[in-house]
Amino acid sequence: MKRGEKMEHSIKAGLMITSASDYNMEICRGANEACKELGIELVIFFGGSVDPNVKFVQSSDYQKANVYAFANYLDLDFFEAVNGVEKEIFVNVKTVCNTCSGTGAKPGTKKVTCKKCNGRGSIRVQRQSFFGTVVSEELCNECNGTGEIVEEKCEKCKGKKYVLVRKKFTVKAPKGVNTNNIMTLKGQGNCGENGGPNGDVYVIFKVKSHELFVRNGNNVFYELPISFTEATLGAEVEIPTLEGKEKYTIPEGTDTGTEFILKDRGISDVNGYGKGNLTFRVKIITPKNLTDRQKELLREFSNEREEHLTEHKKNFFEKVKELFE
Ligand SMILES: [Zn+2]
Ligand SMILES: [Zn+2]
């Protein structure tokens, strides 16, 4: 690598499609969204040769991208995810056409030999590449490799062998489910090709953020505003928890930014491995718009404390002195 040359760090994924059908476009859209989430640039090839500069992503990422391509997103509120919830989703599932029983042919009509491939199921394709002419055998897209086509297409499915049916699924989101958790509804998905087993329905959860509680895994965090006097003298304050409000004693002399941890009071782990913690950080609110009397009291307090000579300040200014002298 030459000096000054820009290092390419981006990961690209390749997706090859043969034609711009609705089905292929659906895959592209899903894969594109999935790759964006994985931080991968997606390059789509329309039947042509693959750009040698494109590095294919690792298989696990690619599988994940595939899952995402076929997934249905389910939005949950913060507390629905915390406590678990049952929700209904509707998914368009490819279902065997019952008019033609999945043959694609109009009932009573025969199948004929595919003219494009002469019944071979594949066609020979020649391509010019860097290494010379490359000949490859490709699946015939007219008959999908079967070598036969129907004489007359089924009117209901237009020869596609399946129809899209909007199906309702009840999804039991477990306690502690989080964004990007995937639930698989086994065998509930699209019908298999030529009588193969059904695919799965993937549900990816998206948990909305909460205006007060900030979620980080199973831990929950928030900032608690307290007054200057509460922090100084200590106080019993009301704090929010995932189970409701409760009393908490802030000790005398609490600094701003102090964190209090309520162990095992966070979110239940989705796989049953215990619970996270609930943490709150106190933020001392500096009193503003004081009356003359209040200001006077504070000045009096300050003089009494010799505020400018408190321990922290003394240490700080001694360090400043060492630094510059
Ligand atoms: Zn049909
Ligand atoms: Zn054919």
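Reference entry: report on the structure contained in this document. These figures come from a predicted structure and were not determined experimentally.

## Thoughts on unusual backbone geometry
No. 1: In the Ramachandran plot, Ser101 falls in the positive-phi region, its phi being about 50° despite a non-glycine side chain.
No. 2: Residue placement: Ser101 occurs in the loop between strand S4 (85-96) and strand S5 (111-113).
No. 3: Of note, the phi angle at Lys161 is positive, near 75°, even though the residue is not glycine.
No. 4: Within the secondary structure, Lys161 is located in the loop between strand S8 (148-150) and strand S9 (162-173).
No. 5: According to the C-beta neighbour criterion, Lys161 is buried, with 22 such atoms within 10 Å.

## Structural notes on the nonpolar core
No. 1: Ranked by size, the top nonpolar core spans 15 residues in total, and within it Leu76, Ala81, Ala173, Val177, Val203 and Phe205 carry the most contacts.
No. 2: In terms of residue count, the dominant contributor to this core is strand S11 (residues 201-207) (5 residues).
No. 3: If we ignore the near neighbours within four places in the chain, the residues touching Leu76 are Ala81, Val85, Ala173, Val177, Phe205, Val207 and Lys208.

## A word on the sheet that holds S11
No. 1: Sheet architecture is open: 3 strands sit in the order S3-S11-S10, paired in mixed fashion. The open sheet has two edge strands with one neighbour each: strand S3 (71-76) and strand S10 (182-185). Taken pair by pair, the neighbouring strands of this sheet meet at an average axis angle of 30°, ignoring direction.
No. 2: Note: S3 against S11, 6 bridges, orientation parallel.

## Side note on the environment of Gln126
No. 1: One can find Gln126 in strand S6 (residues 122-129).
No. 2: Given 8 C-beta atoms within a 10 Å radius, Gln126 is considered exposed.
No. 3: For the pair Gln126 and Glu137, spaced 11 residues apart in the sequence, the C-alpha separation amounts to 8.9 Å.
No. 4: Residues contacting Gln126, with those up to four places away along its chain left out, are Thr133 and Val135.

About the thresholds
- Residues numbered from 1 in each chain as written.
- Chains lettered and ligands numbered in written order.
- Predicted model: local features only at pLDDT ≥ 70, side-chain atom pairs only at ≥ 80, totals over all residues.
- Helix = DSSP H or I, 4+ residues; strand = E, 2+ residues; numbered from the N terminus.
- Buried ≥ 20, exposed ≤ 12 C-beta atoms within 10 Å, placed from the backbone.
- Core = buried A, V, L, I, M, F, W, Y, C linked by C-beta atoms within 7 Å.
- Contact = placed C-beta atoms within 7 Å.
- Pairing = 2+ DSSP bridges.
- Axes fitted to C-alpha atoms, helices over the stretch in contact; angles between N-to-C directions.

No statement about biological role is implied by the geometric values presented.
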